[in-house]
There are 2 protein chains.
Amino acid sequence: MDELVMTTIVASWRLVVGRLDERFTQLDDEQLQKPIAPNKNRLFYLLGHLTAVHDRMLPMLGIGERLHPELDEAYLTNPDRTIADPLSASELKRAWTEVNAAITSAVEGFSVDDWLRKHTAVSDEDFSTNPTRNRLAVFLNRTNHTSFHTGQIALAK
Amino acid sequence: MDELVMTTIVASWRLVVGRLDERFTQLDDEQLQKPIAPNKNRLFYLLGHLTAVHDRMLPMLGIGERLHPELDEAYLTNPDRTIADPLSASELKRAWTEVNAAITSAVEGFSVDDWLRKHTAVSDEDFSTNPTRNRLAVFLNRTNHTSFHTGQIALAK
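Analysis parameters
Residues numbered from 1 in each chain as written. Chains lettered and ligands numbered in written order. Predicted model: local features only at pLDDT ≥ 70, side-chain atom pairs only at ≥ 80, totals over all residues. Heavy atoms only, no water. Helix = DSSP H or I, 4+ residues; strand = E, 2+ residues; numbered from the N terminus. Rg over C-alpha atoms; globule rule 2.2 N^0.38 Å. Buried < 20%, exposed > 50% of the residue type's maximum accessible area, 1.4 Å probe, protein only. 1 Å grid on protein atoms, 1.4 Å probe; cavity = no way out; pocket = protein on both sides within 12 Å on 5 of 7 lines; lining within 4 Å. Points joined across faces, edges and corners; volume = space filled by probe spheres on them. Nonpolar A, V, L, I, M, F, W, Y, C, P; charged D, E, K, R; others polar. Core = buried A, V, L, I, M, F, W, Y, C linked by side-chain atoms within 4.5 Å. Contact = heavy atoms within 4.5 Å. Buried area = accessible area lost by both parts, 1.4 Å probe. Salt bridge = Lys/Arg side-chain N within 4 Å of Asp/Glu carboxyl O. Polar contact = N/O pair within 3.5 Å; in protein donor to acceptor, adjacent residues only side chain to side chain.

### With respect to the overall build of chain A
Part 1: What chain A contains, in helices and strands, is 8 helices and 0 strands.
Part 2: When the helices and strands of chain A are placed in sequence order, the string is α-α-α-α-α-α-α-α.
Part 3: Against the 2.2 N^0.38 benchmark of 15 Å for 157 residues, chain A shows a C-alpha radius of gyration of 16 Å, consistent with a compact globule.
Part 4: Along the three orthogonal principal directions, the C-alpha set of chain A runs to about 45 × 30 × 25 Å.
Part 5: For chain A, the proportion of its 157 residues judged to be buried stands at 48%.

Rendered as structure tokens:
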């Protein structure tokens with residue numbers, strides 16, 4: 001019973017990430033350089049941003065060390081077009097796939113107890129007063145963050 | 001234990017809907033008529049679309065009858081600017097709030113069994129081969145759908 005709840009939650013993540021995967025796969029290097037709308041972020045920037053955010057999920061969910069901390073300066077700390085892209089389009093696409101695979105594979109093995117454990121960015125004190133600041137909350141939040149940017153990416157021709 | 005999983009899931013919905021609520025509240029009638037980007041859907045259309053999609057969740061999740069079926073033709077069946085808006089901005093904002101309140105209040109009372117029951121748009125046969133086609137899957141999917149359009153709405157000035 002519990003297991004089916006967890007399977008449904010991971011299936012939702014798979015669906016969201018899978019749809020975006022499909023979209024990114026279809027975009028060539030030139031298309032990735034286009035903005036999602038006039039004067040807005042490039043598709044390339046959003047791919048970098050999502051990869052960096054998902055990479056940070058690895059330590060947050062207690063899965064492991066980060067794989068691509070080199071993305072933070074260009075895609076988390078600074079706005080688009082201020083820092084040179086540290087990876088080529090094919091390298092970035094590979095990083096995106098690699099990070100998501102690491103997350104999906106780890107969370108498929110999570111028990112209910114694992115999901116309800118505190119994430120590493122919340123203090124013991126804050127967690128004891130608010131137990132919904134758990135790994136599941138981070139995971140649902142990040143799934144919705146992916147959907148947020150997928151909606152923007154869908155606007156690009 | 002189970003309860004905390006469900007509380008976390010409903011909190012994620014509340015967060016996503018709450019952020020969009022805040023955004024819509026700040027927009028006046030004139031701003032709602034603007035497109036999210038050149039030649040794209042109006043904010044008004046997306047508010048209508050999200051209200052119609054959430055309204056359809058009421059029967060899908062077995063919560064109750066639809067409250068605003070009058071929105072379908074303008075915001076589900078047809079693209080933007082082809083059908084006259086059936087409600088004024090203030091009426092539509094009220095419908096959005098009303099529909100979300102009905103959903104939130106009902107799902108807060110859902111047990112794990114309720115969440116894992118089939119939704120009404122899937123056949124008994126399909127559900128028996130794929131038990132992840134449950135109410136929880138619909139709820140997570142719709143939460144992500146809201147985030148998808150929130151990302152687009154965030155682009156509008």
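Now, onward.
### A look at empty space enclosed by the protein
Part 1: A full pass over the atoms with the stated rule returns 2 cavities of 30 Å³ or more.
Part 2: One number sums up the size of the largest cavity: a volume of about 40 Å³.
Part 3: Taken together, A:Ile9, A:Ser12, A:Trp13, A:Phe139, A:Leu140, A:Thr143, A:Asn144, B:Leu140 and B:Asn144 form the lining of the largest cavity.
Part 4: Here the lining of the largest cavity gets 4 residues from one element, more than from any other, and that element is helix H8 (residues 135-153) of chain A.
Part 5: By residue class, the composition of the lining of the largest cavity is 5 nonpolar, 4 polar and no charged.
Part 6: Put simply, the second largest cavity is a space of about 30 Å³.

### Thoughts on the nonpolar core
Part 1: Core analysis: the biggest nonpolar cluster contains 88 residues, and A:Val5, A:Ile9, A:Phe139, B:Val5, B:Ile9 and B:Phe139 have the highest contact counts within it.
Part 2: Residues contacting A:Val5, with those up to four places away along its chain left out, are B:Val5, B:Met6, B:Val112, B:Leu116 and B:Leu136.

### Focus: the environment of B:Val10
All names here are of chain B.
Part 1: Counting through the fold element by element, Val10 comes out in helix H1 (residues 2-26).
Part 2: For Val10, a relative accessible area of 6% corresponds to the buried category.
Part 3: For the pair formed by Val10 and Ser123, sequence separation is 113 residues and the distance between their alpha carbons is 26 Å.
Part 4: Sequence-distant contacts of Val10, that is, excluding residues within four places in its chain, are made with Val107, Glu108, Trp115 and Phe139.

### Re the interface of chain A and chain B
Part 1: Residue-level contacts link 36 residues of chain A with 36 residues of chain B.
Part 2: Together, the buried faces of chain A and chain B total about 2800 Å²; carbon and sulfur atoms form 72% of this surface.
Part 3: It is A:Thr8, A:Asn144 and A:Leu155 in chain A that bury the most area against chain B; as a group they hold 20% of the surface buried on that side.
Part 4: For the pair chain A and chain B, the number of links is 0 salt bridges.
Part 5: Connecting chain A to chain B are 8 residue pairs in polar contact (both at pLDDT 80 or more).
Part 6: Mapped by element, the contributors of at least two residues to the side of chain A that touches chain B are helix H1 (2-26), helix H6 (112-116) and H8 of chain A.
Part 7: Within the side of chain A that touches chain B, the residues separate by chemical class into 19 nonpolar, 12 polar and 5 charged.

### Brief notes about the pattern of salt bridges
Part 1: Under the criterion given, the structure shown has 18 salt bridges over all chains.
Part 2: One salt bridge in this structure joins B:Asp85 and B:Arg42, with 2.9 Å as the shortest N-O distance. Pair noted here: B:Asp85 is in the loop between helix H4 (72-77) and helix H5 (89-107) and B:Arg42 is in the loop between helix H2 (29-32) and helix H3 (43-60), with a separation of 43 residues, a long-range link.
Part 3: For B:Arg42, a relative accessible area of 8% puts it in the buried group.
Part 4: Through salt bridges with shared partners, a single ionic network connects A:Arg42, A:Asp80, A:Arg81 and A:Asp85.

### Re the layout of surface pockets
To find leftover empty space, one rolls a probe the size of a water molecule over the atoms.
Part 1: Counted as a void, the largest pocket has a volume near 560 Å³.
Part 2: Along the walls of the largest pocket sit 24 residues, with A:Asn141, A:Asn144, B:Leu15, B:Val16 and B:Arg19 positioned nearest its centre.
Part 3: Looking at the lining of the largest pocket, the elements that each hand over two or more residues are H8 of chain A together with H1 and helix H8 (135-153) of chain B.
Part 4: When grouped by side-chain class, the residues that make up the lining of the largest pocket number 10 nonpolar, 10 polar and 4 charged.

### Quick notes on the environment of A:Leu136
Part 1: Tracing the sequence through the fold places A:Leu136 in helix H8.
Part 2: Along the primary structure A:Leu136 and A:Ser88 are separated by 48 residues, whereas in three dimensions their C-alpha atoms are 33 Å apart.

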